[in-house]
Amino acid sequence: MCKMHGERQLDGGSVDITKGREILPANVIPQHYTLTLEPDFKNFTFEGLVEIDLDVAEDTKSISLNTLELTIHSTTVTSGSQTIS
């Protein structure tokens, strides 16, 4: 799954800003995002649809996404006109 990327010192004395953040695996690479969002300003929430065009660099049985504080209602994976289960 995801790995934690620890703190490291970069050349020039600056600190790596990715300290402690989860890095997604490199076998599935997002190429393009299409977002449709419907904000609910009264409740400070939103509903929406996200389509992600991916480049699958090597065979995999899973796709990892950053989903912190999101509720995913459904997902579909398609390749061309074929739905992959």
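Counting restarts for each chain, with residues numbered from 1 along the sequence as it is written. Local features in this predicted model are restricted to residues whose pLDDT is 70 or higher, and side-chain atom pairs enter the listing and the counts only when it is 80 or higher, whereas totals over whole chains, interfaces and linings include all residues. Working from all heavy atoms in the structure, the side-chain values ignore hydrogens and water.

A. Spatial organisation of the overall build of the chain. A run of DSSP states H or I qualifies as a helix once it reaches four residues; a run of E qualifies as a strand once it reaches two. Both are numbered from the N-terminal end. Looking only at helices and strands, one finds 0 helices and 6 strands in the chain. Written out in order from the N terminus, the α and β elements of the chain read β-β-β-β-β-β. Whether a residue is buried, partly exposed or exposed follows from its accessible area with a 1.4 Å probe, protein chains only, as a fraction of its type maximum: under 20%, in between, or over 50%, in that order. For the chain, the proportion of its 85 residues judged to be buried stands at 6%. The contact criterion used throughout is that any non-hydrogen atoms of two residues lie within 4.5 Å. Excluding contacts between residues fewer than 6 apart, the proportion of contacts in the chain whose partners are at least 24 apart in sequence is 32%. To be clear on the numbers: accessible area is Shrake-Rupley with a 1.4 Å probe, and residue cover counts the displayed protein chains and nothing else. On the chain, roughly 7900 Å² of surface is accessible, and the fraction owed to carbon and sulfur atoms is 52%.

B. Here's a closer look at a nonpolar patch on the surface. Patch membership needs two things, relative accessible area over 30% and no salt bridge, and members are linked within 9 Å if like-charged or within 5 Å if nonpolar (Val, Leu, Ile, Met, Phe, Trp, Tyr). Between Lys or Arg on one side and Asp or Glu on the other, a salt bridge is scored when a side-chain nitrogen of the former is within 4 Å of a carboxyl oxygen of the latter. Taken together, the side chains of Tyr33, Leu35, Leu37, Phe46, Val50, Leu70 and Ile72 present a nonpolar region at the surface, about 710 Å² in accessible area. For the nonpolar patch, the secondary-structure elements that each account for two or more residues are β3 (28–40) and β4 (45–56). Sort the elements by how many residues they give to the nonpolar patch and β3 lands first, with 3 residues.

C. Fine view of unusual backbone geometry. The backbone of Phe44 shows a phi angle near 55°, a positive value even though the residue is not glycine. For Phe44, a relative accessible area of 78% corresponds to the exposed category. With a phi close to 65°, Glu69 is a non-glycine residue in the positive phi region. Checked against the element boundaries, Glu69 lands in the loop between β4 and β5 (77–79).

D. Looking closely at the environment of Leu70. In this fold, Leu70 is placed in the loop between β4 and β5. You can call Leu70 partly exposed: its relative accessible area is 44%.

E. Up close: the pairing of β3. Only strands that DSSP links by at least two bridges are regarded as paired with each other. Relative to β4, β3 runs antiparallel, the two being bridged by 12 bridges. From the neighbouring strand, His32 faces β4, where its bridge partner is Asp53. Between β3 and β4, which follow one another and run antiparallel, lie 4 residues, and Phe44 among them has a positive phi close to 55°.

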